[in-house]
Amino acid sequence: MPDVVFRDKEKFYLFLIQAGMFISENSALRNLCSEMVSVNCPKVKSAGHDFADIQEDLKDFIENFNSLSQEVPDNCDRIYIDGCWDIMHSGHFNAIRQAKMLGKTLVVGIHSDEEIMRNKGMPVMNNEERMAMIKACKWVDEVVENAPYSATNEWLDSVNCKYIAHGDDIAINCDGQDAYGILKSLGRFKVIKRTEGISTTSIVGKLLLMTKGNKAAVSEPFVANDIVSQPTFLATTRRIFEFSNKNIKPKGQIVYVDGSFDLFHVGHVETLKKAKSLGDFLIVGVHDDQTVNFYKGSNYPIMNLYERVLNVLAIKYVDEVVIASPWVVTEDLLKSLNISLVVQGTISKLDPNVTQKRKQSLVYEDCQDPYEAPKRLGIYQEVPSERSIETKDIIQRIIDNRLKHLNKYTRSSKKEENYYSDIKTYVEEI
């Protein structure tokens, strides 16, 4: 049997405990060990002396470990999950949803901009924007600011939660260690399924492709296929069902708002909140990829239809979603959904810079107002977009800090490749 060297005393003690448990359950091994101890062997005698030397220390370690275990809060109904939550996407929302299923109350921790910089690199969205997105999520009960990147036993106790939840991928901190290693060793870690094919890293990779004309400061070119190469996002009916609001029927004044909702951000959320406040039931129309591409341009959408639908469904102000809604709000659509009011933000889905449209081989000017019908019927209203943030503004942030984001992307994408090739195993989605 090869020699094993323990440089960490606590790991060595835990090994002894595990070995003792294993041997006690295996009668053959237990008998073999008894025979070996009875043999007059110098190595056995030496091992006995060595054990005697550490016996008191080991006893203290076990007592201390037991006391830590006893301090774990009895309340198993409170679950904690933390994250950067940068450029919120369906993977984030699905992690939060699964964590919520583990208990009654979900506490969500948000890392500060400084903590993210120290452990992962520059975030795209600032702390206020990320906080607003988490507070708008329908599965979140409590929010904790300035959460540490590497949660400790004491931190979990301070938020009165017994367990922390995280995906089956490993989160590495700035010291190169598993950010949840301590809590895993204490049995306070719950594994949830990581959503395949979607991550902030992959989104930033797509945005970097859109900025390839602005790479004067980059010393080495990158290969486009390397950036877009990623596992496929799997849009299952079960996941859409789990995100949906079940057993809720339209009632009262029904409000309708539509758009692409690409690169889902706080501006979208605030518009949805204001739209919901104008009625009793909010229906959101999400345009399909072809429609968004037709009206927005060749690089859009960044997120596919099902990713965008799941993002919208995760928001607490939304009651129902029309998947692949028509660009033009017709009288037939208004009657079919019994819509009382059509709402848009003052930052319209119409891009004034894109006037030429392409349909098959024909290029033409499209001047049709998609809201002509509700305007004519007097049921159209605009709500002020108080934050001047659009999808193109997020892309501009990537352009302005392209080199920093490219370096961060290179590190993170390598980690994702390792996860998919070496670490990933089947984990049942909750």
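Residues numbered from 1 in each chain as written. Predicted model: local features only at pLDDT ≥ 70, side-chain atom pairs only at ≥ 80, totals over all residues. Heavy atoms only, no water.

- In the nomenclature of an unreviewed UniProt entry, the chain is known as ethanolamine-phosphate cytidylyltransferase of Stentor coeruleus.
- Quoted verbatim from the Sequence similarities (unreviewed entry) field of UniProt, the annotation for the chain is "Belongs to the cytidylyltransferase family." (UniProt positions renumbered as here; feature names shortened; annotations may be inferred.)

**Considerations on the overall build of the chain**
- Looking only at helices and strands, one finds 18 helices and 12 strands in the chain.
- Counting over 430 residues, the chain shows a buried share of 43%.
- Considering only contacts within the chain whose residues lie at least 6 apart along the sequence, 79% involve residues at least 24 apart.
- Carbon and sulfur atoms make up 51% of the accessible area of the chain, which totals about 22,800 Å². (Helix = DSSP H or I, 4+ residues; strand = E, 2+ residues; numbered from the N terminus. Buried < 20%, exposed > 50% of the residue type's maximum accessible area, 1.4 Å probe, protein only. Contact = heavy atoms within 4.5 Å. Areas by Shrake-Rupley, 256 points an atom, 1.4 Å probe, with all protein chains shown as cover.)

**Structural notes on the sheet that holds strand β6 (residues 254-259)**
- The strand order β8-β7-β6-β9-β12 describes an open sheet built from five strands, whose pairing is parallel. In the strand order of this sheet, the two ends are held by β8 (320-323) and β12 (380-383), each with one partner. Between one strand axis and the next, the sheet turns by 30° as a mean value, whatever way the strands run.
- Direction of pairing for strand β9 (residues 341-345) relative to β12: parallel, over a ladder of four bridges. Bridging from a neighbouring strand, Val343 pairs with Gln381 of β12.
- Packed on one face of the sheet, helix α12 (residues 266-277) meets β6, β7 (281-286), β9 and β12 and runs near 140° to β7. (Pairing = 2+ DSSP bridges. Axes fitted to C-alpha atoms, helices over the stretch in contact; angles between N-to-C directions.)

**Some details on the pattern of salt bridges**
- Using the criterion set out here, one finds 20 salt bridges in the structure.
- We note a salt bridge from Glu115 to Arg118, for which the minimum N-O separation is 3.1 Å. Separated by three residues within a single helix, Glu115 and Arg118 lie in helix α5 (residues 113-119), roughly one turn from each other.
- Overall, the relative accessible area of 15% leaves Glu115 in the buried class.
- With a closest N to O distance of 3.0 Å, Asp258 and Lys349 form a salt bridge. A residue pair is termed long-range when its members are at least 10 positions apart, and Asp258 in strand β6 and Lys349 in the loop between β9 and β10 (356-359) qualify at 91 residues.
- The exposure class assigned to Lys349 is buried, which follows from its relative accessible area of 7%.
- One network of salt bridges, in which partners are shared, links Arg97, Glu196, Arg239, Glu242 and Glu429. (Salt bridge = Lys/Arg side-chain N within 4 Å of Asp/Glu carboxyl O.)

**A few points about the nonpolar core**
- Counting residues in hydrophobic clusters, the biggest one holds 64 residues, and the most contacted among them are Ile87, Phe93, Ile96, Leu207, Leu263, Phe264 and Val284.
- For this core, the element with the most residues is helix α14 (residues 305-313), which contributes five residues.
- Per-domain counts for this core show at least three residues from each of domain 2 (78-198) and domain 3 (237-389).
- Every residue in contact with Val284, bar those within four places of it in the chain, is listed here: Tyr256, Val257, Phe261, Leu272, Val312, Val318, Glu320, Val321 and Val322.
- Grouped together as the second largest cluster of nonpolar side chains are 18 residues, Cys84, Ala147, Trp155 and Leu183 included. (Core = buried A, V, L, I, M, F, W, Y, C linked by side-chain atoms within 4.5 Å. Domains from an automatic or database assignment.)

**Digging into helix α13 (residues 289-296)**
- Listing the buried residues of α13 in full gives Thr291, Val292, Phe294 and Tyr295. In an axial view of α13, the angular spread of the buried residues amounts to 160°, which keeps them on one side of the axis.
- Where α13 begins, the side chain of Asp288 points an oxygen toward the backbone nitrogen of Gln290, at a separation of 3.2 Å.
- A positive backbone phi angle near 125° is found at Gly297, which sits one or two residues after α13. (Arc of directions from axis to C-beta. Polar contact = N/O pair within 3.5 Å; in protein donor to acceptor, adjacent residues only side chain to side chain.)

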